[in-house]
Amino acid sequence: MREEISDMSEDDETGERARWAPDLSKNRSDDSDSGPGPPIGDSPPPFSDQILENVLENVLEFLTSRRDRNSASAVCRSWYRAEAQTRRELFIGNCYAVAPHRAVERFQSIKSVVLKGKPRFADFNLVPFGWGAHFEPWVKSFGAAYRHLERICLKRMSVTDKDLTIIAESFPLFKDLTLICCEGFSTFGLAVIAERCRHLRVLDLIEDYLEDEDDEVVDWISRFPETTTSLESLVFDCVSCPFNFDALERLVARSPSLQRLRVNHHVALEQLRRLMARAPQLTHLGTGTFRSGAGFGEVDPNLDLVSAFGASRSLVCLSGFREIEPEFLPAIYPICANLTSLNFSFANLTAEELNPVIRRCHNLQTFWVLDSVGDEGLQAVAETCRDLRELRVFPLDPSEDSDSSVSDIGLQFISEGCRKLRSILYFCQRMTNAAVVAMSKNCPDLVVFRLCIMGRHLPDRITGEPMDAGFRAIVMNCKKLTRLSVSGLLTDKAFEYIGCYGKLIRTLSVAFAGDSDGGLRYVLEGCTRLQKLEIRDSPFGDASLISGLPFYYNMRFLWMSSCNLSMRGCKEVARNKPNLVVEVIRDGVEEEEEEEIEAVEKLYLYRSLAGARTDAPAFVKIL
Amino acid sequence: MSVETERSSTESDVSGLDYEETALTLGIPGGARVAGAELERKRGFSKTVDLTSRIGTSEDRSDESPDTNTAGSAKAPAPKARVVGWPPVRNYRKNALKSSNKYVKVAVDGAPYLRKVDLEAYGGYEELLSSLQEMFSCFTIRNYPNEERKLVDPIHGTEYVPTYEDKDGDWMLVGDVPWKMFVDACKRLRLMKSSEATNLGLILNYLIFELKRRSSACFIYVFPLSFLFV
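Predicted, not measured: the structure shown is a model, and the values here were computed from it.

Chemist: Describe the overall build of chain B, naming the residues involved and giving the relevant values.
Modeler: When its secondary structure is counted, chain B shows 8 helices and 7 strands. With 230 residues in all, chain B has 46% of them scored as buried. With an accessible surface of roughly 11600 Å², chain B has 54% of that area assigned to carbon and sulfur atoms.

This is how it looks when you write it as structure tokens:
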């Protein structure tokens, strides 16, 4: 996985709340713009100032941090202009926070765009299909304005084949297309990109959903130019349809710069071996499956596989391993010591099967795994991977009443062994406050703590108490914490602690927690750096929603679903805060309903310079 | 541990079967009964196949027939109504883990090579057997008058009995559990010569007994082993 991209939620660099006090005349948003600026279309500066601006531009070229640029643009008009001229990367955390034409008017020399669309809970089917986040208006604006655009990175956007065609046609220097959790396109669009973007270096498709009909799949791999390509990264494990393997093998052979290759599950070990032979310089490899082909009378792949891995001395990141046949794992032993990142989260392995591999991975920093390895498997991880920074433990059976083999015991092991841990995502069914407290003390560097106790409202499995104490320890002891996801039985007390101690938290996810409005109030008033708040199935009502009025401008968004909100409360928010867009989303509504339902099932509110969007479907009501 | 005992108690509660009724003996088959099925007469292999494929489909409609319980519903005492999007696992991951094909190796006694089959590709035992027949094309499926089916090598006349290794490493006869359960439990297949199977007949009997005890399916019925004694 691309650690630098896959967790794009860790993208904010905003300063304290006080700096971003809303100023309606100046019209700014934290996401796309920088600080307050002059209205568009003011007269050009005097000559001497122009020289100074030119000098300034040369200096500002070196400024890359978004936060620094925002600060620079706030100094004065001259600096504002100079910064706008020299900004090369445009980051827009909410595609509805600003209109495309505004962004394009202010920043005229953009080479790289990062654009995010739907709220994160869309990943869990909470946002109905057709809600929005269409890339089309953006790509049209960019196409007209940014001839030198080289990179586009989209997350949770709706992207059509037509949009991909516009990319291919509009940007002659285009190099990097990264699509994460997007939908709406198909292999047809991929073919257009492959064929026409002659300078393509990166084509990364990460957890997208492609719209291919079985009989309309296009052989996009064959469309890459026949000459040597400049491909550095080709990631398509989410493209679920079969592809032309021979064409891929030839493509890899003529792509000497290729460093990252992740194939889909239509590749068996015999084929993988051939790919690896073509690209011994790979640093990141996604194996697709990890089983031999179904034929009989095959040459034993083991021998060649061993030598293939043995020859790939540059490999630092391995993933894939779907449908794993563990007897082939010894083939990767030679490179385990080189690995910094290993993703076994699609491999159903027992602790016994994991053990010989993990015992060799002393340098691992990122490890994703299924809970099938159990607490015992995690113990092996803890004992070996002393340098681990990121751990994710996913459920093999992602259902609420499944049996999970990992528990507080595994968490305890990890906390004791992996002291440098910065980021953890842990799915389980049984947890104790003691283990969470232990982690808070043993791993003070934690920046991301996401615990998902899958059974709803489950208390500490030993004491029977709520999980308040554990999360209290996390926010108290982990002083660098910026992202938190809570679960288990939680009272308002837990939120009081979070509000009191979680001063750096930017992203907070809450589900099935809390007792009353007080819980949400604590968070809104206490977490001064809060940017993204997503809540579901918690008893927070209008009073708590309204209590957050002073703070919503400083946040990117608030999502609340299946809480106790009503139209009265939401309308009051909309009335009071004109620069907030308040969306009420209803399920299964085709036409406008005559009578309004008072209860609000889903609320999505976000600050915006663009006002109410014009592309909202019928089931979205903007107040 | 605690989950298992819970399972077994709900088993007998829901199935309505007494322990004695399901106890296996070495006596003449025909005395055993299956909840919800017709009264027993001597059943050949194909009959068990038919039965399981019927029950296999009714598993999915488990609310229709409360007797035919499956592992999933017997687990939790009172399953809550499912909520959308909880636990928060992305669809990509759910689909990838769910649709992992169930490839198992197939070994044939006396043959030097292995084949692989994808159990997920078959709807039931019938399809599997037909596919095996095609694969090891020297076999034909011989139909006995009493509708028993075995895989037979026509040249030598040896009969093969399909067996499989389950998750616990035990060798079972193919066809004695519902199809879905079989797909889940089967790690590999072995077409065993009948003569060998005879020797294992008693062991297999015991193994079926063990399977019934351990598993959550409540309708393990007696598999007529009489044909093994030919």
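Next comes the rest of the write-up.
Chemist: Report on the packing of helix α16 (residues 433–442) of chain A against helix α17 (residues 468–477) of chain A, specifying residues and quantitative values.
Modeler: Residue and element names in this part refer to chain A. Between α16 and α17, whose axes approach to 8 Å, the crossing angle comes to 5°. It follows from the interaxial angle that α16 and α17 lie roughly parallel. The residues of α17 that touch α16, namely those facing N433, V436, V437, S440 and K441, are D468, A469, G470, F471, A473, I474 and N477. Counted by class, the contact of α16 with α17 contains 6 nonpolar, 4 polar and 2 charged residues.

Chemist: Account for the interface of chain B and chain A, naming residues and giving values.
Modeler: The partner chain A presents 40 residues to the 30 residues of chain B that form the contact. Of the roughly 3400 Å² buried at the junction of chain B and chain A (both faces included), carbon and sulfur atoms supply 56%. The interface formed by chain B and chain A includes 3 salt bridges. As a salt-bridge pair, R90 of chain B and E207 of chain A come within 3.2 Å of each other at their nearest N and O atoms. Where chain B touches chain A, the interface holds 9 residue pairs in polar contact (both at pLDDT 80 or more). Contributing elements (two or more residues each) for the side of chain B that touches chain A: α5 (91–98), β1 (103–108) and β2 (114–118) of chain B. If you tally residues by element for the side of chain B that touches chain A, the top one is α5 of chain B, at 6 residues.

Chemist: Tell me what's going on with α5 of chain B, and back it up with residues and numbers.
Modeler: Buried within α5 of chain B are the following residues: Y92, R93, A96 and L97 of chain B. When α5 of chain B is viewed along its axis, its buried side chains cluster within an angular range of 120° and face the same direction. Residues of α5 of chain B that are buried make contact with β11 (366–370) and β12 (390–394) of chain A.

Chemist: Can you explain the UniProt feature "domain: Transport inhibitor response" (unreviewed entry) in chain A? Please cite residues and give values.
Modeler: The sites that carry the UniProt feature "domain: Transport inhibitor response" (unreviewed entry) are, in the present numbering, residues 109–154 of chain A. Between the end C-alpha atoms of residues 109–154 of chain A there is a gap of 19 Å, over a span that is 22% helix and 20% strand.

Chemist: Account for the domain arrangement of chain A, naming residues and giving values.
Modeler: Domain boundaries in chain A define domain 1 (32–86) and domain 2 (348–540). Taking only C-alpha atoms into account, the centre of domain 1 of chain A sits 43 Å from that of domain 2 of chain A.

Chemist: Describe the packing of helix α6 (residues 136–145) of chain A against helix α7 (residues 161–170) of chain A, naming the residues involved and giving the relevant values.
Modeler: Residue and element names in this part refer to chain A. Interhelical geometry of α6 versus α7 gives an angle of 10° and a closest axis separation of 10 Å. The angle between α6 and α7 places the two elements in the roughly parallel class. Seen from α6, the contacting residues are E136, V139, K140 and G143; seen from α7, they are K162, D163, I166, I167 and S170. Looking at the contact of α6 with α7, its residues break down into 3 nonpolar, 2 polar and 4 charged.

Chemist: Go over the pattern of salt bridges, please, and point to the residues and values.
Modeler: All names here are of chain A. Counted according to the given criterion, the structure contains 41 salt bridges over all chains. D176 is the salt-bridge partner of R151, the closest N and O atoms lying 3.5 Å from each other. Taken together, the residues span a long stretch of sequence, with R151 in strand β3 (residues 151–155) and D176 in strand β4 (residues 176–180) at a distance of 25 residues. Here R613 and E583 are joined by a salt bridge, their closest N and O atoms 2.7 Å apart. One end of the pair, R613, is in the loop between β20 (599–607) and β21 (620–622); the other, E583, is in strand β19 (residues 580–585), and 30 residues separate them in sequence. E583 shares its class with R613; the two are buried.

Chemist: Give me the nonpolar core: which residues, what numbers.
Modeler: All names here are of chain A. Core analysis: the largest hydrophobic core is formed by 197 residues, its most contacted members being F135, F309, I332, F344, F367, F449 and L484. No other element matches the 6 residues that strand β18 (residues 557–566) contributes to this core. When neighbours within four sequence positions are excluded, F309 is seen to be in contact with L272, M276, L285, F290, L315, L318, A331, I332 and I335.

Chemist: Please give an account of unusual backbone geometry that cites residues and values.
Modeler: Peptide bonds are, in most cases, trans, and in most cases residues other than glycine have a negative phi. Of note, the amide linkage connecting W86 of chain B to P87 of chain B takes the cis form, showing an omega dihedral of 0°. By the secondary structure assignment, P87 of chain B is in the loop between α4 (71–75) and α5. With a phi close to 55°, R156 of chain A is a non-glycine residue in the positive phi region. Looking at the element boundaries, R156 of chain A is found in the loop between β3 and α7. Even without being a glycine, H457 of chain A presents a positive backbone phi close to 60°. Positionally, H457 of chain A belongs in the loop between β14 (448–453) and α17.

Chemist: Talk me through the side chain of D109 of chain B; I want residue IDs and the actual numbers.
Modeler: Residues and elements named next belong to chain B. Relative to the assigned elements, D109 resides in the loop between β1 and β2. Looking at D109, its side chain comes within polar contact range of the side chain of R190, at 2.8 Å. Here K193 takes part through its backbone nitrogen, which lies 3.2 Å from a polar atom of the side chain of D109.

Criteria and thresholds
- Residues numbered from 1 in each chain as written.
- Chains lettered and ligands numbered in written order.
- Predicted model: local features only at pLDDT ≥ 70, side-chain atom pairs only at ≥ 80, totals over all residues.
- Heavy atoms only, no water.
- Helix = DSSP H or I, 4+ residues; strand = E, 2+ residues; numbered from the N terminus.
- Buried < 20%, exposed > 50% of the residue type's maximum accessible area, 1.4 Å probe, protein only.
- Areas by Shrake-Rupley, 256 points an atom, 1.4 Å probe, with all protein chains shown as cover.
- Axes fitted to C-alpha atoms, helices over the stretch in contact; angles between N-to-C directions.
- Parallel < 35°, antiparallel > 145°, perpendicular 65-115°, else oblique.
- Contact = heavy atoms within 4.5 Å.
- Nonpolar A, V, L, I, M, F, W, Y, C, P; charged D, E, K, R; others polar.
- Buried area = accessible area lost by both parts, 1.4 Å probe.
- Salt bridge = Lys/Arg side-chain N within 4 Å of Asp/Glu carboxyl O.
- Polar contact = N/O pair within 3.5 Å; in protein donor to acceptor, adjacent residues only side chain to side chain.
- Arc of directions from axis to C-beta.
- UniProt positions renumbered as here; feature names shortened; annotations may be inferred.
- Domains from an automatic or database assignment.
- Core = buried A, V, L, I, M, F, W, Y, C linked by side-chain atoms within 4.5 Å.

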